[in-house]
Amino acid sequence: MTEFLINLDGSVLLWLQNNLRNEILTPFFQAVTWLGDKGKIWILVTIVLLISKKTRSIGIMSAFALIFASVFNNIILKGFFDRTRPYDVVEGLTSVIGSMKSSSFPSGHTSSSFAAATVLFHGLPRRYGILFMVLAALIAFSRMYLGVHYPSDVAVGALTGIASGLAVIFLYNKISGIPWKKKTE
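Below you will find a few notes about this structure. The structure presented is a predicted model; accordingly, all values stated were derived computationally and were not measured. (Residues numbered from 1 in each chain as written. Predicted model: local features only at pLDDT ≥ 70, side-chain atom pairs only at ≥ 80, totals over all residues. Heavy atoms only, no water.)

Considerations on the layout of surface pockets
This is how the line gets drawn: Using protein atoms alone on a 1 Å grid, points that fit a 1.4 Å probe yet trap it form a cavity, whereas open point sets bounded by protein on both sides within 12 Å along at least five of seven lines form a pocket; residues with an atom within 4 Å of a point count as lining. Grid points are joined across faces, edges and corners, and a volume is the space filled by probe spheres set on the points. What counts as a helix is a DSSP run of H or I of at least four residues, what counts as a strand is a run of E of at least two, and both are numbered from the N terminus. Residues are grouped as follows: Ala, Val, Leu, Ile, Met, Phe, Trp, Tyr, Cys and Pro are nonpolar; Asp, Glu, Lys and Arg are charged; all remaining types, including Gly, are polar.
There is about 450 Å³ of room inside the largest pocket. Along the wall of the largest pocket there are 20 residues; nearest its centre are Gly36, Asp37, Lys38, Asn74 and His109. Of all the secondary structure elements, the ones that give two or more residues to the lining of the largest pocket are α4 (56-81) and α5 (108-123). Counting residues per element, the lining of the largest pocket draws most heavily on α4, which supplies 6 residues. Residues of the lining of the largest pocket, tallied by class, amount to 5 nonpolar, 9 polar and 6 charged. In this structure, the second largest pocket encloses a volume near 150 Å³. As for the second largest pocket, its lining consists of Ile60, Met61, Phe64, Val168, Leu171, Tyr172 and Ile175. Among the elements of the structure, α4 and α7 (151-176) are those that each provide at least two residues to the lining of the second largest pocket.

As structure tokens, then:
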């Protein structure tokens, strides 16, 4: 079963490379993945939210979700699994953005994106929350498109990111004693 999943992971990446990669989409996904580098877009959004008293609690939760996801994924899970990047394993697969120093599993870009986007989705008006979830999904997809993560890296990154965001929301509710409700404007 494990070998089947490993082969499926590689087959999906080769399919993306052979059927979707092109001179129009590649620069787009390079820019999208750049937004997720070191969580820069999420840190910027978090800082903006921290400025206003009205959105400060959302900014604080976003910051904690980013920290939790980064520590859990980039230090604990990546260190434990130490999975080799797919372009070094899957025959014929190339990385559009060169080689990376960190291990592959799970995707840190995806995890931090979904950690922050989960908090933002729950705390901001719907139209903004949906926009941030779409951006998180695009960043996650970009990692596979560019050939630097397996689909399973991205799937686990998304799950741990969402779990990080939800854990922070839960803890905020417990510690503050104030139920935090989503704005629907």
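There is more to say after this.
Structural notes on α5
Heads up, the condition is: For a helix, the expected span equals 1.5 Å multiplied by the number of residues minus one. We call a residue buried when its accessible area falls under 20% of the maximum for its residue type, exposed when it is over 50%, and partly exposed in between, using a 1.4 Å probe and counting protein chains only.
With 16 residues, α5 extends 23 Å between its outermost C-alpha atoms, agreeing within 8% with the 22 Å of an ideal straight helix rising 1.5 Å per residue. A large share of α5 lies buried, amounting to 14 of its 16 residues.

Quick word on the pattern of salt bridges
Worth spelling out the cut-off: Note on definitions: salt bridges are taken to be side-chain nitrogens of Lys or Arg within 4 Å of carboxyl oxygens of Asp or Glu.
All told, the structure shown has 2 salt bridges when counted by the stated rule. Taking the shortest distance from any N to any O, the salt bridge between Asp9 and Arg83 comes out at 3.1 Å. Taken together, the positions of Asp9 in helix α1 (residues 2-19) and Arg83 in the loop between α4 and α5 put the pair 74 residues apart, joining distant regions of the chain. For Arg83, the salt bridge is made with Asp153, and the minimal N-O distance between the two is 2.8 Å.

Focus on the environment of Lys40
We count it as follows: A contact between two residues is defined here by any heavy atoms of the two lying within 4.5 Å.
Locating Lys40 in the fold gives a position in helix α3 (residues 40-51). Judged by its relative accessible area of 30%, Lys40 falls in the partly exposed class. Separated by 42 residues in the primary sequence, Lys40 and Asp82 place their C-alpha atoms 24 Å from one another. Excluding residues that lie within four positions of it along the chain, Lys40 makes contacts with Trp34 and Leu35.

Quick notes on the nonpolar core
Side chains of a nonpolar character, in soluble globular proteins, are inclined to be buried together. The line we're drawing: What we call a nonpolar core is a set of buried Ala, Val, Leu, Ile, Met, Phe, Trp, Tyr and Cys residues that are connected through their side-chain atoms within 4.5 Å.
Counting 32 residues, the largest nonpolar core has Trp42, Leu120 and Phe132 as the members making the most contacts within it. Only α1, α3, α4, α5, α6 (126-145) and α7 provide two or more residues apiece to this core. Excluding residues within four positions of it along the chain, Leu120 makes contact with Trp42, Val45, Leu49, Ile58, Gly129 and Phe132.

A short note on the environment of Gly39
By secondary structure assignment, the location of Gly39 is in the loop between α2 (25-36) and α3. Considering only alpha carbons, one finds Gly39 and His109, 70 residues apart in sequence, at a separation of 6.8 Å.

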